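The primary structure of each chain is shown beneath.
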Amino acid sequence: DHRARVALTGLVFNDPQRPGHLVPAPAYLSGNVRAKLLAAEQAAERADRRRRDTAGGSGEPAAALVALAGGGVAEPDWHANAAALREVLPVDLTPAEIDVRLGASWIGAEVVEQFLRETLADPSVAVEHPGGSVWAVKGVRHSVLATTTYGTPRLPAVELAQAVLEQRQLRITDELDDGRRVMNLTETVAAQDKAAVLGEAFAEWLWTDPQRAERLARVYNDTFNAIVLRSYDGSDALLPGLAVTFTPRQHQRAAVARMVSEPSVLLAHDVGAGKT
């Protein structure tokens, strides 16, 4: 019923990812809201395109011509979905607030390659990341930068970088006359120190270029700063049949709302808190 749907405006939302489903506002406006916003914006763009195509050259208002197949039901206002989602989006973190490290999963191989080429003054550096924890780093192994500034003679910078990218333990060993291998503590500590130097150089270099900083900050926020936890304040809890002589407290309404949404939830309130 159209009137019922209008009355529910703001309380429920059509979901472009599940056509025909109505989702309660607390559920729709939580979770990965950036992914939901993208879906809503894409749905709005498609709807606008259909409006323009339907309007043609008739001169009639495009909005008045939006009636899709299925009984002439008007298409949902996806722009309203997008507007509601934008209001709950987490605030973007700035580069200064983002902790970066060499080997972070959200930083691509091309960025690492550019960093090593510039830092080691070696245009031959090639970095590949087939997937998972597997990386391949190739480049000059005997320059001063590779063996002294950002690496050691035993573990040049390109090998050191690959070990850091793969999150492998840095451990340099020597072979004894009887074939056994023992850790060389001096070389191992030196390699670990150079790994720290390389990591600090990467964290500083990453944000020096404004365009790169903007692009990577966008990637980070879209990937890791996209989740909004669902709030159970009880304001949307409907309690049919409630005795007129009883006024539930806010936390009781919130408990009801959560039990309806998550039937398996455990409400472990103290005795006397009023959960019944």
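Scroll up for the structure.
All of these numbers come straight from a predicted model, not from anything done at the bench. (Residues numbered from 1 in each chain as written. Predicted model: local features only at pLDDT ≥ 70, side-chain atom pairs only at ≥ 80, totals over all residues. Heavy atoms only, no water.)

A. Representation of the pattern of salt bridges. Considering all chains together, one arrives at 14 salt bridges under this definition. Note that Arg-218 and Asp-92 form a salt bridge whose closest N and O atoms lie 2.8 Å from each other. One end of the pair, Arg-218, is in helix 9 (residues 210–224); the other, Asp-92, is in the loop between helix 4 (78–88) and helix 5 (109–119), and 126 residues separate them in sequence. Across the pair Asp-222 and Arg-218 runs a salt bridge whose closest N-O atoms are separated by 3.1 Å. Taken as a pair, Asp-222 and Arg-218 lie in helix 9 at a separation of four residues, close to a single helical turn. (Salt bridge = Lys/Arg side-chain N within 4 Å of Asp/Glu carboxyl O. Helix = DSSP H or I, 4+ residues; strand = E, 2+ residues; numbered from the N terminus.)

B. Structural context of the packing of aromatic side chains. A full pass over the atoms with the stated rule returns six aromatic pairs. Where Trp-106 meets Tyr-220, the ring centres are 5.1 Å apart and the plane angle is 70°; that geometry is what we call edge-to-face. Taken as a pair, Trp-106 in the loop between helix 4 and helix 5 and Tyr-220 in helix 9 lie far apart in primary sequence, 114 residues in all. Given the relative accessible area of 12%, Trp-106 is considered buried. Ring plane angle 75° and centroid distance 5.1 Å describe the contact between Phe-115 and Phe-202, whose orientation is recorded as edge-to-face. With Phe-115 in helix 5 and Phe-202 in helix 8 (residues 185–206), this pair connects stretches of sequence that are 87 residues apart. For Phe-115, a relative accessible area of 0% corresponds to the buried category. Taken together, the ring pairs connect Trp-106, Tyr-220 and Phe-224 into an aromatic cluster. Geometry around Trp-205 places Arg-212 over its ring, the cationic atom sitting 3.7 Å from the centre. (Phe/Tyr/Trp six-rings, centres within 6.5 Å; stacked < 30°, edge-to-face > 60°. Buried < 20%, exposed > 50% of the residue type's maximum accessible area, 1.4 Å probe, protein only. Lys NZ or Arg CZ within 6 Å of the ring centre and 35° of its normal.)

C. Looking closely at the environment of Glu-200. In this structure, Glu-200 sits in helix 8. On a C-alpha basis, the gap between Glu-200 and Leu-102 in space is 8.8 Å, while along the polypeptide they are 98 residues apart.

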